[in-house]
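# Survey of secondary and tertiary structure
Residue strings, one per chain:
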Amino acid sequence: MEYIFQIGIFVAIFAILAGSYNLLIGYSGLFSLAHAAFFGLGAYGTALLTSPESDLVSTPWPIWLGMLVAVVFTALTGLIIAVPALRVSADYLVVLSFGFQMVVVGVFLNWIQITKGESGITGVQRPTLLGMELNSSGTFLIYAILLTLLVYYLLWRVTGTPYGRMLKAIRDDQIAAESLGKRVVRSKIEIFCYASGIAGLAGAMFAQYVRVVSPASFLLDVSVEILAMLILGGTANILGSLVGAAVLTVLPELLRFLDVGSGHSEQVRLIVFGALLILILRFRPEGLLPEYWRPAWLRRRQERAVADDLAELRQGPLVLPPEVLGTTAKTGRPAIMMEVEDAVRSFGGIRALNGFSTTLETGRITALIGPNGAGKTTAFNLITGFLAPDSGRILLAGLDITNTKPHLLAGLGVARSFQNLRLFYQMTVLDNVMVGIPGQKGERLAWATVAMGPTWKEERQTRRMALQILRYVGLEERALTLAENLSYAEEKLLVLARMLAMQADLLLLDEPASGLDPNSLDAMYAMIRQLAEGGKTICIIEHNLDVIKELAHKIVFLDEGRAFAEGSTESLLKNPELAARYFGNA
Amino acid sequence: MALLEVKDLQAGYHKKSVLQNVSLRVEPGEFVGVIGHNGAGKTTMVRSIFGLIQPTGGSIHFGDQSIVGNQPAENVQEGMAMVPQDRAVFPNLSVRDNLELAAFYVRDKAHVAHRIGEIEHLFPILKERQKQLAGTMSGGQQRMLSIGIALMQNPRLLMLDEPSLGLAPLLVQNMMEQVRNINQMGTAVLLIEQNVASALAAASRMYVMKLGQMVYDGPPEKLQDRGFLMELF
Amino acid sequence: MELLWQLLVNGVILGSEYALLGVSWGIIFHITGTFHFAHGAVFSVGAYSAIFFSNVLGWPLLPAAMAGITVAVIVGMAMERFAYAPMRRIGATPMTVLITSLGMLIILQNVFPILFGSASRTFPDVNIIPIELGSAFLTNVLLYKVIAAWGLFGAVMAFLYYTRPGKALRAVGSNPEMAQVVGFNIGNIYLLAYAIGSALAAVAGVLQTMDTGASPANGTFAVIIASMSVLLGGMGSLTGSALGGFFIGMAMSLSIWKLPSEWQLTVGFGLLIILITVRPRGFLGGKLTKTEV
């Protein structure tokens, strides 16, 4: 019986480790090898603060305080690698975490005065729950289960909230997420420390159960084992991590009875884990519980919620929500929404933009046309903050936004689409739109964790707004479909919907019509015209002259990095000199 | 028998279907031009023929061989060469190294050296700058190097994807002159261009592509009529 | 003062050892873009195979070493041919490739202790000759490490810059699409990169075996140092990878001047963190390119 309790406790510990690791690897796309190190930091922290044997403190601290401090300390230690690495790219995190894992174990081994080196620290106290000291495995198991429930609650407050949705968007396409206004680097650093802190909590519990902490329990091998659990269970599925932890903790124990013998059990175990990683990725990469798997009752509840919202919305008119149209909040839009003054931008030796100037007027559709390589996409990138001009100014409603970053511009009402769409393909249509809606308090980690009720309410409002937008573009039937399963025309509609969700005044559309069949084209035309009539400022890059004739009030002809001509569609298309330029007269 | 025969080609990226049943033909030694608006599918077509993209339907024959599904390396062996739109050189290698590497699998070193000499004759700047790192040359010079690279293995068909892109008019003129010379020496040319005038001046037969389909196949003269041309775009 | 001189000498030795590791991993990373963590296993394959030929089959040291290096080259190439290439063909994500590489590392690193035991294994007939450099002591084996590192670095650079296959390698690394357009067999070129990288790692492995013996954990340590060196040196520069490794080794050795020797690795890592924070592109890295929008 004791044995079974022990297994249960280890399942709990690894469930916490696998779940938190999944936050990094599955939800955020951050590959770190240091999870075992953070596990160890939490364990050592707890031991050093609460064990009478510890040389760090003269008298042991109260258990709960020691545990809390250890966990917070572990989370903060994460900053050491998170900040330098994630400021650059997730690739850097791979190498730095690899080194960090080794260095931390090295510290455990070598800082002998404090950590006692290889033999480790003994005498860690068991906590007291409700007056009862948890002396037996049975009672400890209860504590372990409670802690696991707490942790899974915390994990759920990340994954099942707008914050988790934002993490997935960042994972699927960081650049698109930035263009929607998400603070990418900050969120990555934040979640890294959060997940590492939770690993530290597992360490604390481990230390309290085993009562001894030594370096051998926190080697790179342990990171690999936890990785195997989460991969088996299913990346980006928290429930899956629980399952994976259970399976890969219990199974080796069962195999122990069929003794492999020869005293190499540890190595054989690791070989099996390594092989498991390779095989799962080869034959069932999504794991046991794929990312969007939910228990049937939960899925039905979500479907019903969407259906109910849609039924209610269908009783109303087919118009965009007022926040999106902007009539409620925005008073007195300026006549000229955007001005570009003499923008210059070079790449290497090539001048993509050579003194480009133009204005975009409110309520009008401006088309940017010109030969390939003339600088149209570069102009978009400058306007949306993805590039800074070498010289020149960009003004948004009179405000100088020349060197402003993309996520800030999103907040100022600038929305863009991309030529290669950049949808969040592993997310549903509905989620793609919901993630675009600004001002969601639930996208802040602290708020999402603590304010369950208000987040829930906000989520319902966000969902309704997103569904209304989907109704407008005609995608509401596909709300719960994964974006990767849409047809091309549907994808283009989703791109528009996601942009609309941003409640932006200035819409920059990169080839909105390319690749669409005539029916979808008509629908797209109607929507874009309606948006302009409603007061949006629209700029499109297009090559298809038919589209331009349909939509544009004004054409800006970009060639050799400058606005060669600007004027009404009629006049420009009749201008022989421009036609010559457009068709290329050598 | 046509040197290159493309029938009902379908291809695209991701889910976007770009080419809708495109057919095209190049006879041995012919100079064929393809024009059309941005996004019409010209580059997609060339890349599909060359093997950088796998088509989803249709057939491609080079000589009597079906080459659908071939990797670019196989097509190069068969005698096809392509000059891509951008970044078509190895920037951190010298001009000379770029040319030599283009004939990497050719064993006869003397032959390679001779061929380089012939290409330097066509584009003297390449001899002048043979030791210069390709990435430090101007856009026009790099373009000539790319053409030189494509010519190293004496292809039967030379495909150029918008070679005038980003070049000053005088440079374009010079370059097109050399391409015409190359064609006169027997190499068939398939020229994709946005710059209509330079294509019309050089090609003996023209295609116009619009929205993934061929909308014209005939002599270049007819396309001199600006009105007619605009309709096709 | 004498201590400092000894530490400098040690630093050159350790730095050279790490430079070799950096170059061995760097050549693979720069040309193929793969996070080849299983490289650590290749290092160990070199070391343990040499032990096998020498201790089990009784071969003299040099032939055993050559044989060990050969086996490592075959294993490294096999990993590319049978693991990485198929994954590229089916469009596997970088994370999948990385985890698979990690899996291979873990499997092999745990096979060795089963076959050879966990204790350090040494060659039976290594002749260790002490050398005096002023007041500093070193051995012939340590000197070999320095000579091997820079000799091989020079040889690899000469190969890359003065031979056609070498230039082809650099070409593929600098513009993979153009390499296709020109008709290169990319698969074979990648194999060449893995062959060279694996050979260098194996040399490092054999030399370490001559010095302190082959232990199961050495391979993992080697690839961690190698990847840190490449990061520090900057993406895109093999010379940077060598310098990065040298810097880490030198810093670790000099740290002993003021700190107890156990703290070497922590110091090395700490310096890496500080340097990367201050200069993310590393010593000789090019501008960090943002993904194209």
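Residues numbered from 1 in each chain as written. Chains lettered and ligands numbered in written order. Predicted model: local features only at pLDDT ≥ 70, side-chain atom pairs only at ≥ 80, totals over all residues. Heavy atoms only, no water.

Tallying each qualifying case throughout the model produces 38 aromatic pairs over all chains. A ring pair is formed by Phe10(A) and Tyr209(A), whose centres lie 6.1 Å apart and whose planes are at 85°; its orientation type is edge-to-face. Placement of Phe10(A) in helix H1 (residues 2-27) and of Tyr209(A) in helix H10 (residues 184-210) is noted, with a sequence separation of 199 residues between them. A ring pair is formed by Phe140(A) and Tyr143(A), whose centres lie 5.1 Å apart and whose planes are at 80°; its orientation type is edge-to-face. Highlighted residues: Phe140(A) and Tyr143(A), both in helix H7 (residues 137-159), separated by three residues, approximately one helical turn. Accessibility assignment for this pair places Phe140(A) and Tyr143(A) in one class, buried. Ring-pair connections join several aromatic residues into one group, and the members of that group are Phe10(A), Phe39(A), Tyr44(A), Trp64(A), Phe108(A), Phe140(A), Tyr143(A), Phe206(A), Tyr209(A) and Phe218(A). Directly above the ring of Trp156(A) sits Arg157(A), whose terminal nitrogen or CZ lies 5.0 Å from the centroid. If you follow Arg170(C) out to its NZ or CZ, it ends over the ring of Tyr161(C), 3.7 Å from the centre. (Phe/Tyr/Trp six-rings, centres within 6.5 Å; stacked < 30°, edge-to-face > 60°. Helix = DSSP H or I, 4+ residues; strand = E, 2+ residues; numbered from the N terminus. Buried < 20%, exposed > 50% of the residue type's maximum accessible area, 1.4 Å probe, protein only. Lys NZ or Arg CZ within 6 Å of the ring centre and 35° of its normal.)

Right, let's get into the packing of helix H5 (residues 140-162) of chain C against helix H10 (residues 238-254) of chain C. Residues and elements named next belong to chain C. Two elements in contact, H5 and H10, have axes separated by 11 Å at closest approach and are oriented at 170°. On the basis of their axis angle, the class for H5 and H10 is roughly antiparallel. Here H5 and H10 pass one another in a crossing that is right-handed. Contact with H5, carried on its side by Trp 150, Phe 153, Val 156, Met 157 and Leu 160, involves Leu 238, Thr 239, Ala 242 and Phe 246 of H10 and no other residues of that element. Residues belonging to the contact of H5 with H10 are distributed by class as follows: eight nonpolar, one polar and no charged. (Axes fitted to C-alpha atoms, helices over the stretch in contact; angles between N-to-C directions. Parallel < 35°, antiparallel > 145°, perpendicular 65-115°, else oblique. Left-handed = near helix turned anticlockwise from the far one by under 90°. Contact = heavy atoms within 4.5 Å. Nonpolar A, V, L, I, M, F, W, Y, C, P; charged D, E, K, R; others polar.)

Turning our eyes to something else, we now look at the interface of chain B and chain C. Tallying the contact residues gives 27 residues for chain B and 18 residues for chain C. Roughly 2,000 Å² is buried in total at the junction of chain B and chain C, and carbon and sulfur atoms are behind 59% of that figure. For chain B, the biggest contributors to the area lost against chain C are Phe90(B), Phe104(B) and Tyr105(B); these three give 28% of the whole. Taken together, the connections running from chain B to chain C amount to two salt bridges. Taken together, chain B and chain C are joined by seven residue pairs in polar contact (both at pLDDT 80 or more). Of all the elements in the fold, those that place two or more residues in the side of chain B that touches chain C are helix H1 (42-50), helix H2 (72-78) and helix H3 (95-102) of chain B. For the side of chain B that touches chain C, the element with the most residues is H3(B), which contributes four residues. Here the side of chain B that touches chain C is composed, by residue class, of 19 nonpolar, three polar and five charged. (Buried area = accessible area lost by both parts, 1.4 Å probe. Salt bridge = Lys/Arg side-chain N within 4 Å of Asp/Glu carboxyl O. Polar contact = N/O pair within 3.5 Å; in protein donor to acceptor, adjacent residues only side chain to side chain.)

Residues and elements named next belong to chain B. When its domains are assigned, chain B resolves into domain 1 (4-79 + 158-232) and domain 2 (94-154). A C-alpha centroid distance of 24 Å is found between domain 1 and domain 2. The partner domain 2 presents ten residues to the 15 residues of domain 1 that form the contact. Buried surface at the junction of domain 1 and domain 2, both sides included, amounts to about 1,000 Å², of which 76% is carbon and sulfur. For the interface between domain 1 and domain 2, the tally reads zero salt bridges. Counting across the interface, domain 1 meets domain 2 through two residue pairs in polar contact (both at pLDDT 80 or more). Contributing elements (two or more residues each) for the side of domain 1 that touches domain 2: strand S7 (157-161) and helix H7 (169-184). Top element by residues in the side of domain 1 that touches domain 2 is H7. It accounts for six residues. Per-class residue counts for the side of domain 1 that touches domain 2 are eleven nonpolar, three polar and one charged. (Domains from an automatic or database assignment.)

A few words on the interface of chain A and chain C. The interface of chain A with chain C comprises 46 residues on the first partner and 42 residues on the second. Between chain A and chain C lies a buried interface of about 3,900 Å² when both sides are counted; carbon and sulfur atoms form 82% of it. Where chain A meets chain C, there are three residue pairs in polar contact (both at pLDDT 80 or more). Put simply, the parts of the chain that give the side of chain A that touches chain C at least two residues each are helix H4 (79-86), helix H5 (90-110), helix H9 (174-179), helix H11 (220-233), helix H13 (265-283) and helix H16 (376-383) of chain A. Broken down by class, the residue content of the side of chain A that touches chain C amounts to 32 nonpolar, eight polar and six charged.

Moving on to a positive patch on the surface. On the surface, Arg183(A), Arg186(A), Lys441(A) and Arg444(A) cluster together into a patch of positive charge. By the element assignment, Arg186(A) lies in helix H10. (Patch = residues over 30% accessible without salt bridge, like charges linked within 9 Å, V, L, I, M, F, W, Y side chains within 5 Å. Areas by Shrake-Rupley, 256 points an atom, 1.4 Å probe, with all protein chains shown as cover. Lys, Arg positive; Asp, Glu negative; His and termini not counted. Charge placed at Lys NZ, Arg CZ, Asp CG, Glu CD.)

What follows deals with the sheet that holds strand S11 (residues 554-559) of chain A. Residues and elements named next belong to chain A. Spatially, six strands are ordered S8-S9-S10-S5-S11-S12 in an open sheet, and the strand pairing comes out mixed. Pairing within the sheet leaves two strands with one partner each, and these edge strands are strand S8 (414-416) and strand S12 (562-568). Going from strand to strand, the sheet's axes swing by 20° on average, the running direction of each strand aside. Where helix H21 (residues 488-501) meets the sheet, its contacts fall on S8 and strand S9 (506-510), and the angle it forms with S9 comes to roughly 160°. (Pairing = 2+ DSSP bridges.)

Applying the stated rule across the entire model yields 35 salt bridges over all chains. For Arg171(A), the salt bridge identified is with Glu291(A), shortest N-O distance 2.9 Å. Here Arg171(A), found in helix H8 (residues 162-172), pairs with Glu291(A), found in the loop between H13 and helix H14 (296-314); they are 120 residues apart in sequence, far enough to count as distant. In this structure, the salt-bridge partner of Glu100(B) is Arg96(B), at a minimum N-O distance of 3.5 Å. Here the residue Glu100(B) and the residue Arg96(B) both occupy positions in helix H3, the gap between them amounting to four residues, near one helical turn. Among the ionic contacts, a cluster of salt bridges with common partners joins Lys168(A), Arg171(A), Asp172(A) and Glu291(A).

Below, the discussion takes up the side chain of Ser44(C). Looking at the element boundaries, Ser44(C) is found in helix H2 (residues 39-56). Other than its neighbours up to four places away in sequence, Ser44(C) contacts Ser49(C), Gln109(C), Phe112(C), Pro216(C) and Gly219(C).

The next thing to look at is H10(C). Residue and element names in this part refer to chain C. Taking 1.5 Å of rise per residue, the 17 residues of H10 would be expected to cover 24 Å, and the 24 Å separating its terminal C-alpha atoms lies within 8% of that figure. Among the residues of H10, those classed as buried are Leu 238, Gly 240, Ser 241, Ala 242, Gly 244, Gly 245, Ile 248, Gly 249, Met 250, Ala 251, Met 252 and Ser 253. At its buried positions, H10 is contacted by helix H1 (2-32), H5, helix H9 (218-233) and helix H11 (264-278). (Expected span 1.5 Å × (residues − 1).)

This part takes up the nonpolar core. If you look at the biggest cluster of nonpolar residues, it comprises 349 residues, and the most contacted ones within it are Leu227(A), Leu470(A), Leu500(A), Leu4(B), Leu157(B), Leu190(B) and Phe184(C). Shared between two domains, this core holds at least three residues of each, these being domain 1 (4-79 + 158-232) and domain 2 (94-154) of chain B. With residues up to four places along the chain from it excluded, the contact list for Leu470(A) reads Val429(A), Leu430(A), Val433(A), Leu475(A), Glu476(A), Ala479(A), Leu494(A) and Ala497(A). Ile383(A), Leu396(A), Cys539(A) and Leu558(A) belong to the second-largest nonpolar core, a separate cluster that totals 24 residues. (Core = buried A, V, L, I, M, F, W, Y, C linked by side-chain atoms within 4.5 Å.)

All names here are of chain B. Of note, the phi angle at Asn 154 is positive, near 50°, even though the residue is not glycine. Tracing the chain through its elements places Asn 154 in the loop between helix H6 (139-151) and S7. For Leu 211, which is not glycine, the phi torsion reads 50° and is therefore positive. Note on placement: Leu 211 falls in the loop between strand S9 (205-210) and strand S10 (213-218). Its relative accessible area of 40% is what places Leu 211 among the partly exposed residues.

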